[in-house]
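# Structural characterization, general
Here is what each chain is made of, one letter per residue.
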Amino acid sequence: MKTDDLIAALSREVEPASRTPLMMRTVMALLGGGAVSLLLMHLTLGVRPDIGVAMWTVAAKAGFCAVLAVAGGVAALKLGRPGRSGRALAPWLALVACGFLVAAVTLASMEPGLRWGAWTGGGIPWCVVLIPAFALPVATGLVWAWREAAPTGLTMAGAAIGALAGAVGALVYAMHCPIDSVPFVAAWYGVGIGLTAGIGALLGRWFLRW
Amino acid sequence: MTGRPDEPQLRAWMQAAIAGDGAAQAQLLSALAPRLRAFFRSRGTRPEDAEDLVQETLIAVHTKRALYDPGQPLTAWVYAIARYRLIDRWRREGRRGVQIPIDTYENQLAAEEHEAGDPVRDVATLLSSLPAKQRRAIELVKLAGQSVREAADATGWSESDIKVSVHRGIKALARLVAGPPGRGSQS
């Protein structure tokens, strides 16, 4: 087909195009995917039994995850459009780094004998594996929602999707997570969410192609 | 070229197209086509493939127009799509020559894109990176069109000096323009 004919054909199909769809679809994916994750968590691990008394602690953890989700979401919406936004994830990265810093500072201010327990939460940081697991339904929703997107940097866009899904997955996990130690949460949630972002970066070139 | 639409005009057409003006989109796409053709040819695409890529890019500009943010420069937005389509084609074809990971392609093209600008300024920039003697020799002999004799008189250097400086300067420029080794089929 000649290019001029193509141009004419395309221009016959022009209707007013709204600029919000990507954001709306992303929000819908977060809500839907988040609901699925929540259900999954409830059925497998269960909400922590003491959530009534521990409400503020859970809220604090959830707040940390929510802030990371916002940073990831803002980056994702930039990276879902054509253009070079190589530094879009910098704020998110800075927040994760802040978490590590808070963990380090808190540990340093504790008595040496208590540090190991505070950092490991008395066991294995399962959240590192569970956060990506609960991020999966959210990531699936986002990849579906992003069929209308046009990321030109697939790896960075994948990382942003992973960062966003990871933060929401962590938020869901916080409803169950029985360990309240600040250094533990600040460090290991960061690792879990970071890992999800990394997985997203690796998989982006397959799932986000258009 | 006279009447070549500039960035503000392209942006205006794009805004109108987003608002539903088909005629504006037609003008936008028609104005973009030659630029895209030049873009793809300059990256080593064969003419028949280049036309395919131009069409793919125009289609993408149309279907993804809702993702254009009015605050952004339009040409950069379009070239981002063009680069993406080019890399996608390379990926599908299994680009002959050096196999480089996708991200390196993107970074290379992005770097080239960044550099691609006013050709006159580019030549001046390239020349300014040469040693003074080679630069002067090239300016006189190659750019100003003087003979070796005239250049020698003007600078006070010997004719063979001039010739050697021109020769070395051109070799240096060629190396600069070709970029780092292993970059596909450019040199």
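### Points about the interface of chain A and chain B
Taken together, the contact pairs 33 residues of chain A with 41 residues of chain B. Together chain A and chain B conceal approximately 2,900 Å² of surface at their shared face, both sides included; 58% is due to carbon and sulfur atoms. Per-residue buried area on chain A facing chain B is highest for A:Val14, A:Arg84 and A:Trp210; these three make up 21% of the total on that side. The tally of links between chain A and chain B comes to one salt bridge. As a salt-bridge pair, B:Asp88 and A:Arg209 come within 2.8 Å of each other at their nearest N and O atoms. Looking at the side of chain A that touches chain B, the elements that each hand over two or more residues are helix H1 (3-12) and helix H7 (154-173) of chain A. The element best represented in the side of chain A that touches chain B is H1(A), accounting for five residues. Of the residues belonging to the side of chain A that touches chain B, the class tally is 15 nonpolar, eight polar and ten charged.

### A few points about the nonpolar core
Residues A:Trp92, A:Trp146, A:Tyr189, B:Leu32, B:Leu36 and B:Phe40 are the most contacted members of the largest nonpolar core, which totals 89 residues. Non-local contacts of A:Trp146, meaning those with residues more than four positions away in its chain, are made with A:Leu22, A:Thr26, A:Ala76, A:Leu77, A:Leu79, A:Gly80, A:Ala157, A:Ile161 and A:Leu208. Grouped together as the second largest cluster of nonpolar side chains are seven residues, B:Ala137, B:Leu140, B:Val141 and B:Val166 included.

### Thoughts on the confidence of the model for chain A
The share of residues in chain A with pLDDT of 70 or more is 100%, and the mean pLDDT across the chain is 92. Predicted confidence in chain A is weakest over helix H5 (residues 112-120) of chain A, with a mean pLDDT of 85, and strongest over H7(A), with 96.

### Some remarks on the pattern of salt bridges
In the structure shown here, the tally under the stated rule is 19 salt bridges over all chains. Among the ionic pairs, B:Arg89 bridges to B:Asp52, the shortest N-O distance being 3.8 Å. Of this pair, B:Arg89 sits in helix H4 (residues 74-93) while B:Asp52 sits in helix H3 (residues 47-63), and the two are 37 residues apart along the sequence. With a relative accessible area of 10%, B:Arg89 lands in the buried category. Of the residues examined, B:Asp52 reaches a relative accessible area of 38% and is grouped as partly exposed. Notably, a salt bridge pairs B:Asp88 with B:Arg92, separated by 3.8 Å at the nearest N-O pair. With a gap of four residues between them, B:Asp88 and B:Arg92 both fall in helix H4, about one helical turn apart. Note on B:Asp88: relative accessible area 5%, which makes it buried. What you see here is one network of salt bridges that share partners, running through A:Arg209, B:Arg46, B:Glu48, B:Asp49, B:Asp52, B:Glu56, B:Arg85, B:Asp88, B:Arg89, B:Arg91, B:Arg92 and B:Glu93.

### Points about the environment of B:Gln27
Looking at the secondary structure, you find B:Gln27 in helix H2 (residues 22-42). A sequence separation of 17 residues divides B:Gln27 from B:Leu10, and the C-alpha atoms of the two residues are 8.7 Å apart.

### Quick look at helix H1 (residues 7-18) of chain B
Two residues of an α-helix separated by three or four positions point the same way, owing to the 3.6 residues in each turn. Residues and elements named next belong to chain B. Taking 1.5 Å per residue as the helical rise, H1 with its twelve residues ought to reach 16 Å, and the 16 Å between its terminal C-alpha atoms agrees with that figure. Every buried residue of H1 is listed here: Glu7, Leu10, Trp13, Met14, Ala17 and Ile18. Along the long axis of H1, the arc covered by the buried residues comes to 135°, so they all point the same way. Considering only its buried residues, H1 is in contact with H2, H3 and H4. Positive backbone phi, at 115°, marks Gly20, one or two positions downstream of H1.

### Overview of the environment of B:Thr155
Residue and element names in this part refer to chain B. Looking at where Thr155 falls in the secondary structure, it is placed in helix H8 (residues 148-155). Separated by 13 residues in sequence, Thr155 and Lys142 have C-alpha atoms that sit 15 Å apart. Not counting residues up to four positions away in its chain, the partners in contact with Thr155 are Arg136, Leu140 and Ile162.

Conventions used here
Residues numbered from 1 in each chain as written. Chains lettered and ligands numbered in written order. Predicted model: local features only at pLDDT ≥ 70, side-chain atom pairs only at ≥ 80, totals over all residues. Heavy atoms only, no water. Contact = heavy atoms within 4.5 Å. Buried area = accessible area lost by both parts, 1.4 Å probe. Salt bridge = Lys/Arg side-chain N within 4 Å of Asp/Glu carboxyl O. Helix = DSSP H or I, 4+ residues; strand = E, 2+ residues; numbered from the N terminus. Nonpolar A, V, L, I, M, F, W, Y, C, P; charged D, E, K, R; others polar. Core = buried A, V, L, I, M, F, W, Y, C linked by side-chain atoms within 4.5 Å. Buried < 20%, exposed > 50% of the residue type's maximum accessible area, 1.4 Å probe, protein only. pLDDT = per-residue confidence, 0-100. Expected span 1.5 Å × (residues − 1). Arc of directions from axis to C-beta.

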